[in-house]
Structure formats: C-alpha cells, structure tokens
Amino acid sequence: MSDDMVTLSIDGLEVSVPKGTHLIRAAEAAGIAIPRFCDHPLLDPVGACRQCLVEITDAGNGRGFPKPQPSCTTEAANGMVALTGASSAAARQAQADILELLLINHPLDCPVCDKGGECPLQNQALADGRGETRFTDVKRTYPTPTPVSELILLDRERCVLCTRCTRFADQIAGDPTLALVERGAKQQVGIYPDEPFHSYFSGNVVQICPVGALTSADYRFSARPFDLVSTATTCENCASGCQLRVDARHFEVKRRYAGEAPDINEEWSCDRGRFGFVSARGEDRLTRPLVRRGGELQPVTWPEALAAAVAGLTPALGSTGVLTGGRLTLETAYAYSTFARKVLRTHNIDFRSRLASDEEAAFLAAYVVGRPDVTYADLDRAARVVLVAFEPEEESPAVFLRLRKAVRKGGLKIATIAPYRSRGAAKLGAELLPAGPADVVNALAGLTADENTILLVGERLAATPGGYSALAGLLGRTGARLAWIPRRAGEIGALVAGCLPGLLPGARPVDDPEARAEVAKVWGELPAVDGLDVTAMIAAAASGRLRALVTSGIEAADFADPALVAAALKTAFVVSLETRLSQVAAAADVVLPVDLLEQQVGTFLNWEHRTGAVNQVVDHPRLPMTEVRVLAALAAALGTPLGFATPEAARAGLLTLPRYEGERASMLRIEPETALPSGVVLASWRELLDDSRLLDGAGHLVATAPPAVARISPQTRRTEGLATSTFVRLTGPKGSVTFPLVVTPTMVDDVIWVPARARDKLLADIGVDVGGAVTLSAAPDPKKEGEE
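Because the structure is a prediction, the values reported are computed rather than measured.

A. Quick peek at the overall build of the protein. Secondary structure assignment for the protein yields 25 helices and 37 strands. Relative to a compact globule of 788 residues, whose C-alpha radius of gyration would be 28 Å, the protein shows 29 Å and is just as compact. Projected onto the principal axes, the alpha-carbon positions of the protein cover approximately 85 × 65 × 60 Å. Counting over 788 residues, the protein shows a buried share of 57%. Contacts in the protein between residues at least 24 apart in sequence constitute 71% of all its contacts with a sequence separation of at least 6. One finds the centroid of the 81 positive side-chain charges in the protein at a distance of 2 Å from the centroid of its 94 negative side-chain charges.

Right under this line is the structure:
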C-alpha cells in the first residue's frame, strides 16, 4: 500500500483512502451514509452541528475514544475502527440526542417552509427522530423573515447554526458579510450594521442551507418541491459553461439551482445565472410575427411575414449583413452561418455585438478557435495566472471561484494588468500590474512569463490597438498558455460555427481553397466576395451601401456607437428574429418571434471549448418556433433550402464536415497607437449586474448590484480640481454623464474608470471609446439638484 494511503474499518468494511481524508468522506467512499448538517465537501470542516457522531473503538493506536466523535473533523488513520449509527447503539443514541436538541426551538412549519419535501432535517427527523417531543416549553421565536439583502431572507428560528452560509461567504465567495453574532443561546446568523450580504454568489447559501432558514425573495412560497419538474441544462449568462438544475411548474420556470459539475462550476452558481431568467415574462414578449405597414409594426400571419421578408431580402442578396449576437447555441449559430453563405450569398456575418476589431478577428482565427489549451483543472494546478483585460468576478464568475479556490488551497499567484486593483482582484490576492488603456501593449511587452504561466484574456483587449499583436508576440516568446474568455455564452460556439466574415465552420479560413472546397461539398458554391465585419456592416448599412440586415438578439446599446446602429436600422431593410420587442426589433421591417432558450435543445461551448447540453425545460405548444426552424422556413421561402430545420439536424450537419487539417489563418499584426490622447483617459468594463435587458424583471437581483461610481487616483483628483467634490461629470463630444466619485489609491494617474453599462447611465452616449480622453468637472449631487 502507498505511504499516501491509509486503511481503516467502518462498520466492518475495510476502506483505503488518501491520508488526510476525514471519516465522513471515507464512509462515503464505502457507500456508508452518515447524517450531517454542517458538513459540505467544498467547505472547510468545522464540526458545528455534531450530527455526524460516530463511535471510534480504535483510533489506530489500540485505544478508542471514550465518547462519540464528529466524523467530519476526524481524520482517518491506519488501523482505525469506526462504527456509525448503523452498527453502534452509542453512535445512534448520540445522533438521536443531537437531533432532539436541534428540534427544541425549530418551528413545526414544514407545510409552508420552502425546504419542505427536500429538507435534510425533515428527512432525518422522520428516519431517526423521536415520535413525540419531550419539550413542553414555549419555542424561541424571532421576527420573520429578516432580510440579509434584498435577495436573501432569513428565518432565524429555523436556523441550526451549521455555519454553512457563513463559511461559504468567507471561504468561497470572499464576501464575509454573513457572520454568527451574539453568544450562547442567543447566537444567530446576522449581517454587519448597514452592510447587507451583497455578493454575486449569495444565492448559493439558499441552496446549501440544510433547513430552509435562508430563502430567496423571488422563489419564497411560489411552489413546492414535489410540484416541480427538474431539468439539467447549461447557463446562458456567460462563457463559464455552468451546469444548472432548472425547476419548472405549469410551463414556467420557478427557480434555478447550481448543478453538480465537479469539472466546471463544482456546485456553485453566480446570482445572475441563478435568478436572471425572467426577462421574457413582460408584455414585450413576442408571440406573433410583425410587419411594418404604414410606419407601424402590425401583427400578421406567418405566411404574410415570410412573404414580406422575402420581398425585402431578395433584392439584397449578396448585399445583406447578418448580426447574430453572442448568445446563440452552437446549432443556431451554425444555422445562421449556413443561412448567410448558402441562402443570402454573403460572408457578411459577425457574432460580436460589442466593440470589435480586425486584429481581434485574426487573433481568434489563428490562436483560439479549435485550439483549447487551458481547462478549469489547469487553473486548480496552476502556479501563475495573468489576467489581461479580464475581470473574472464580473465577466466569468465560475472562473473567479476556481481561481479563488486555487489561491486558498494551492498557493496560486495571480497578476492582473488593469488600471486599478478591483474588488475581485483583491479577493484573489492579485498583484496589480498597473496599466491604463494606452499602457496595455507595453505591459504585455514587458511581462515576465514562461510555459508555466497561464494567460486569461478577455474580449476587452479588442479596445486596445496592437493589444492582440503584443499578446501573440508574448505567446511566441515565452510559451505561455492561453485561454480567451468572452462574456457571452455563445461566442466560442459562434467561432466554431463560422460566424465571422473570415472564418468558415471548424476554424477554416475563408480564403483557403481547400477549406472552401470541403464546405462547398455540404453547402454548395460559396460567395466569392470577402465579407464585412460588424463595424463595417453597421457603417455600410447606415450609408446605404448594405441594403439589408438580419439580426438576432442584439441591442444597439451593446455597440460603441448606438446612434450609428440606429441609423443603420433606419436605412437598411431589417429582419429581426427576437424573443422580445427590443430597440432593434422595434426598428425592424419584419419581426419573427422565436423560442426562449428554456424551450430549446442545443449546445453551448464554454471558454474551454467544452460542450454543455441545453435541454428543453418547458414545452408550450402555443409559443413560437426555434430560430433554426424559422431560418429554415425563411430559406425555403427565398428558394434555397437550408438543409435542416431542427437543432439536432443542424448539429448533425456541422459534424458532417471533416476535421480541418489545413493551415490556420495568419495573424494580422497591428502597431500600437503612438499619438496618445491628452488629458484624462477613459477606462471601463461591464459589471456582472448592470442594465442588461436579460436582467429585466429581476428587481431583487438588480438591487444587490454594486453602486455605479467613477474611480480616480488621489493625484488625478488634485490635478483636476476635484478635491472637495463627491460627484464628477464626464464630458465628451456627444454629451456628459455624472457619477459619484470614489478616490481609489491603486488607480493609475490620469485615468478615470466608470462602468460601461450602469442603470440610466449609458457610457456610449458621451461619444468616447475606452482609451479616449474625457473632460472632468465637479458636479452636484443629482438627487439634491432634482429636489431643488
């Protein structure tokens, strides 16, 4: 036997486990159940509830313990003999006594408790508890519920002080604002005064609470567990690929829980993925096609809508752009890629509904698509990780949790190239490599790295001319490993499906004759003219050079110049496939309603290129069709069959393409800008909880978002004459916007950071991109100004 293993006996069964394993884990390995409340495999052991007591007749040294011991904190030892409640009267009695103590003050409200029907306390009381209570005094009560945040409610009288919630907040999320307060019989879970439990991961405490003491304001009293139908699926809110369990009742999703996916999100989920699923329940949900008649969108039949779309698209064949957005499944993205090339006869297709560049497209084609190089497991084992234009807590929360776990347990060292040390970076203990937008290229050029370094790169690097070129140079110079992590769930799949003008499915360069020939065998002859990227398409449509646009799930506010997008929508003939009446759909000439993601089947590819199944959660016969089926119907009406009409058939079509073994696309080298802006430079990124339309209707969730503030350094505050100001006005060529001012010691001088998409504050409205100069001035408090 290896020196790293120990062998012991549990209930007469011989078990071998790694050294350091606790008894409760060893019992699980042997298939032996031990009741518990405080124990959780992903939290540090604490031995708070004592429900997992076992009798140890031999501790491995020939002597036993005089009293039962908690199996969650006792390490297994060679020769140890342990007896659980299944084979020891002493252990069984000890567990029954603990259970009786826990029930003394616990209310008998199982029929109305959200946990009723899936409650460990309820199950164990039924299996091992006394039939009648011996407690005849008055139970302790508290005012209920007590909000620990706008999203999470606490019923204190149910709490058994297992400390799962407080340990999660401290150890996993890094937001230790939940704590045990008071002492002795008065001890209870609480929050700090004027500091609610605002965490991007707060919903996990509801899921891991073993007794229903913590509930969510959204789900409370809305369903019973035995009324729900559960379906496993993949989260659509970012590129992490988190696995979820979705519970539905009467054709409506009631709640979402984190699924068990040890290789991805383990057992955790961010609050956006958990609670942000109600946006399509408003009055703007589309269920019937719309066609513009007399300047107004009017409901029509499907044949009428398809005829109107054909009338507008037929004259524009070869002069149409396809903007797919970044939230489509792999199958739907492939359908759009097929539709553009085969039906519309164009390579004008782009999934990037955000700031984009030719340099980024070339880098993705050369270094990212079809080249997975890093996994979550690699992050667990990594020695050093460098974050480049990437804030994991804001842009990929599951990655943040894995990095934090590696920092706590593996000693991972993290560095971040950023204008200041953010809240997430501080929780990771990250070293700040200070760089404003104009300094990122120099920071990459001077970065020390080797083959043991992992670079996690965000989509925001596209805002830095020369950034991807510098990154390519760093990879070639050092042998460091790369993972590109976009914000949206469908961007990797869109890359693989060929939703870029220079890419065909499977990482095939559109200008490679061999690659074109392989795809032509499936699609037929491909268009000969090069395609336009998203920026060029919008400009061409606004000027009238591009005659039509086909859009899916995009918002004008997502782009650097929303006004130019609005002009493009007004000038071109627009067919919009949408779930809701968005700003884009409201400006379209034909609107075709499509299914919500919860009504579809398909696949997401996460940042690792790992497949995650999207399963149908609800199936309402009166709601619209899938996007793939709508595209198939539109293609048939245009006279060129798409070749498939279901997501399953679309995936089969993609898999019929052979693996591409030819030359990869070459990297487009861009020199960094030498003419730097004078004055204070704008830095920005999107936060997890902002004004995204996916969060519409999730009021409790949005209320937990961090306040939108502007950050500058102490030196910049002095040089800009803001020494006494608490609010700052940012002014650009198109307007101004006001934020509360926060002086941040780690901020780079002559840089101001603001969130890109705050509620009622659209940064694009001032007409300055990231890296551009803005004018700062003192501003009064907008609330007080409004009162006056």
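That was the structure; now back to the text.
B. Focus on the packing of aromatic side chains. Per the counting criterion, the structure on display carries 10 aromatic pairs. Pairing phenylalanine 168 with tryptophan 268 gives two aromatic rings, centres 4.9 Å apart and planes at 55 degrees, and the pair type is tilted. Taken together, the residues phenylalanine 168 in helix H4 (residues 164–173) and tryptophan 268 in the loop between strand S13 (252–258) and helix H6 (271–275) connect sequence positions 100 residues apart. A residue is classified by how much of its surface remains accessible, and tryptophan 268, at 3% relative accessible area, is buried. Both rings, one in phenylalanine 363 and one in tyrosine 367, keep their centres 4.8 Å apart while their planes meet at 20 degrees; by these two values the pair is stacked. Of this pair, phenylalanine 363 and tyrosine 367 are both found in helix H9 (residues 358–368), four residues apart, which corresponds to roughly one turn of the helix. Judged by its relative accessible area of 0%, phenylalanine 363 falls in the buried class. Counting every residue linked through ring pairs, the aromatic cluster contains Tyr334, Trp523 and Phe644.

C. Spatial organisation of the pairing of S13. A large share of S13 lies buried, amounting to five of its seven residues. Connecting strand S12 (residues 243–249) to the next strand, S13, in antiparallel fashion are two residues, including histidine 250 with a positive phi near 55 degrees.

D. Geometry of the sheet that holds strand S11 (residues 229–234). The sheet built from three strands is open, its strands ordered S11-S12-S13 with antiparallel pairing. Pairing within the sheet leaves two strands with one partner each, and these edge strands are S11 and S13. Neighbour-to-neighbour, the strand axes of the sheet open up by a mean angle of 30 degrees, direction not taken into account. Taken together, the six bridges between S12 and S13 define a ladder with antiparallel strand orientation. Its bridge partner lying in S13, arginine 249 is registered against glutamate 252.

E. Structural view of the sheet that holds strand S5 (residues 81–83). With mixed pairing, the five strands of this open sheet are ordered in space as S2-S1-S5-S3-S4. The outermost strands of the open sheet, each flanked by one partner alone, are strand S2 (13–18) and strand S4 (69–70). Alignment of strand S1 (residues 5–10) against S2, held across six bridges, turns out to be antiparallel. Directly across from methionine 5, in S2, lies its bridge partner proline 18. Each of strand S3 (53–58) and S5 touches helix H2 (residues 89–103); the most contacted strand, S3, lies at about 155 degrees to it.

F. Broad picture of the environment of leucine 313. Along the chain, the position of leucine 313 falls in helix H7 (residues 302–313). Of the residues examined, leucine 313 reaches a relative accessible area of 0% and is grouped as buried. Along the chain, leucine 313 and cysteine 49 lie 264 residues apart, while their C-alpha atoms are 67 Å from each other. Discounting residues that sit within four places of it in the chain, leucine 313 has contacts with Thr320, Leu344, Ala548, Val550, Phe573, Val575, Leu634 and Leu638.

Quick notes on the rules
Residues numbered from 1 in each chain as written. Predicted model: local features only at pLDDT ≥ 70, side-chain atom pairs only at ≥ 80, totals over all residues. Heavy atoms only, no water. Helix = DSSP H or I, 4+ residues; strand = E, 2+ residues; numbered from the N terminus. Rg over C-alpha atoms; globule rule 2.2 N^0.38 Å. Buried < 20%, exposed > 50% of the residue type's maximum accessible area, 1.4 Å probe, protein only. Contact = heavy atoms within 4.5 Å. Lys, Arg positive; Asp, Glu negative; His and termini not counted. Charge placed at Lys NZ, Arg CZ, Asp CG, Glu CD. Phe/Tyr/Trp six-rings, centres within 6.5 Å; stacked < 30°, edge-to-face > 60°. Pairing = 2+ DSSP bridges. Axes fitted to C-alpha atoms, helices over the stretch in contact; angles between N-to-C directions.

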